[in-house]
Amino acid sequence: MDGPIHLKDIIPAAQNNINTTFILLEKSRVKKNRGGSRSCMALVADETAAVHFELWGEDCDAFEEGDIVRLEKGIFSNSGDYNTMMVLRAGRRGSIKKIGEFTMAFVETPNMSEIQWVVDPNNPKKYIRVEAAVLSPHS
């Protein structure tokens, strides 16, 4: 098992290998998905970055804003129901557990879900960030 990482260091992958701790900042209302399952999206953060976190089933009711959560064996990838962005989630092999409330330093930027990711042309099993073009202030 990999050691804990900061949210700023997560990259998309098809593996459950993310171990991290974060605070839940906001949570959307629960929605029913294809097949009748329930999910909700949350904004979570640590002291380095924020990311959208997808909760499923009973976890939608088990976690509230202000909860400090430990994620083990999480995955950061496209979600079937939120296909337009990368989201962090526990997935089938991962687990999440509340470990505290309200006392954690955090930042809300960068949001890792809002970064554009593309498949690495040198390795189709990896993703890389697309860096935004920097315009000169004199343009």
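Residue indices follow the written sequence of each chain, beginning from 1 at its first position. Per-residue local features of the predicted model are confined to residues with pLDDT of at least 70, and side-chain atom pairs are confined, for both listing and counting, to 80 or more; whole-chain, interface and lining totals are unaffected and use all residues. Just so you know, side-chain values use all the structure's heavy atoms and leave hydrogens and water out.

Details of the environment of Lys73
Note the threshold: Where helices and strands are cited, they refer to DSSP runs of H or I of at least four residues and of E of at least two residues respectively, numbered from the N terminus. Accessibility here uses a 1.4 Å probe with only protein chains present; expressed as a share of the type maximum, an area under 20% marks a residue as buried, one over 50% as exposed, and anything in between as partly exposed.
Counting through the fold element by element, Lys73 comes out in strand S5 (residues 67-78). On the basis of relative accessible area, Lys73 is assigned to the partly exposed category, the value being 36%. Once the C-alpha coordinates of Lys73 and Asn17 are considered, the two residues, 56 residues apart in sequence, prove to be 4.7 Å apart.

With respect to the pairing of strand S9 (residues 123-129)
Put simply, the rule is: A pair of strands counts as paired when DSSP detects no fewer than two bridges linking them.
Examined bridge by bridge, strand S8 (residues 117-120) and S9 share four bridges and lie antiparallel to one another. Bridging from a neighbouring strand, Trp117 pairs with Arg129 of S9.

Comments concerning the nonpolar core
The criterion, for reference: Buried Ala, Val, Leu, Ile, Met, Phe, Trp, Tyr and Cys residues that are joined via side-chain atoms within 4.5 Å together make up what is termed a nonpolar core. Contact criterion: two residues are considered in contact whenever any of their non-hydrogen atoms come within 4.5 Å of each other.
With 24 residues, the main nonpolar core has Leu55, Phe76 and Leu88 as its most contacted residues. Of all the secondary structure elements, the ones that give two or more residues to this core are strand S1 (18-27), strand S3 (38-45), strand S4 (50-56), S5 and strand S6 (86-89). Every residue in contact with Leu55, bar those within four places of it in the chain, is listed here: Leu24, Lys27, Arg38, Ser39, Cys40, Ala42, Cys60, Phe63 and Ile96. Counting seven residues, the second largest nonpolar core, distinct from the first, contains Ile23, Ala45, Ala50 and Ile68.

Regarding the confidence of the model for the chain
Short version of the rule: For every residue, the predictor states its confidence as a pLDDT score lying anywhere from 0 to 100.
Predicted confidence across the chain gives a mean pLDDT of 81, with 86% of residues reaching 70 or more. Looking at the elements of the chain, mean pLDDT is at its lowest for S9, recorded as 76, and at its highest for S1, recorded as 92. In this model, residues 133-139 is a region of pLDDT below 50 whose contacts with residues beyond four sequence positions or in other chains number zero contacts.

A word on the environment of Gly66
Mapped onto the secondary structure, Gly66 falls in the loop between helix H1 (59-62) and S5. Excluding anything up to four places from it in sequence, Gly66 contacts Ile23, Leu24, Gly100, Glu101 and Phe102.

Some points on a nonpolar patch on the surface
The cut-off we apply is this: Like-charged residues within 9 Å of one another, or nonpolar side chains (Val, Leu, Ile, Met, Phe, Trp, Tyr) within 5 Å, are grouped into patches, provided each residue has over 30% relative accessible area and no salt bridge. In short, Shrake-Rupley with a 1.4 Å probe defines the accessible areas, and a residue's cover is counted only from the protein chains shown. When a carboxyl oxygen of Asp or Glu is within 4 Å of a side-chain nitrogen of Lys or Arg, the pair counts as a salt bridge.
Judged by side-chain polarity, Val118, Ile128 and Val130 come together as a nonpolar surface patch covering roughly 180 Å² of accessible area. Within the secondary structure, Val118 sits in strand S8.

Some points on the pattern of salt bridges
Across all of its chains, the model carries five salt bridges by this definition. One salt bridge connects Asp9 with Lys8, and the closest N-O pair in it is separated by 3.0 Å. On the accessibility criterion, Asp9 (40% relative accessible area) is partly exposed. Lys8 sits in the partly exposed class, given a relative accessible area of 38%.

A short note on the side chain of Thr20
Threshold: Polar contacts, as counted here, are pairs of nitrogen or oxygen atoms within 3.5 Å of one another; within protein the pair requires one atom able to donate a hydrogen and one able to accept it, and residues that are adjacent in sequence qualify only if both atoms are side-chain atoms.
By secondary structure assignment, the location of Thr20 is in strand S1. Engagement of the side chain of Thr20 in a polar contact is seen with the backbone oxygen of Ile5, the distance being 2.7 Å. The residues touching Thr20, leaving out its near neighbours within four places in the chain, are Ile5, His6, Leu7, Asp46, Val69, Arg70 and Leu71.

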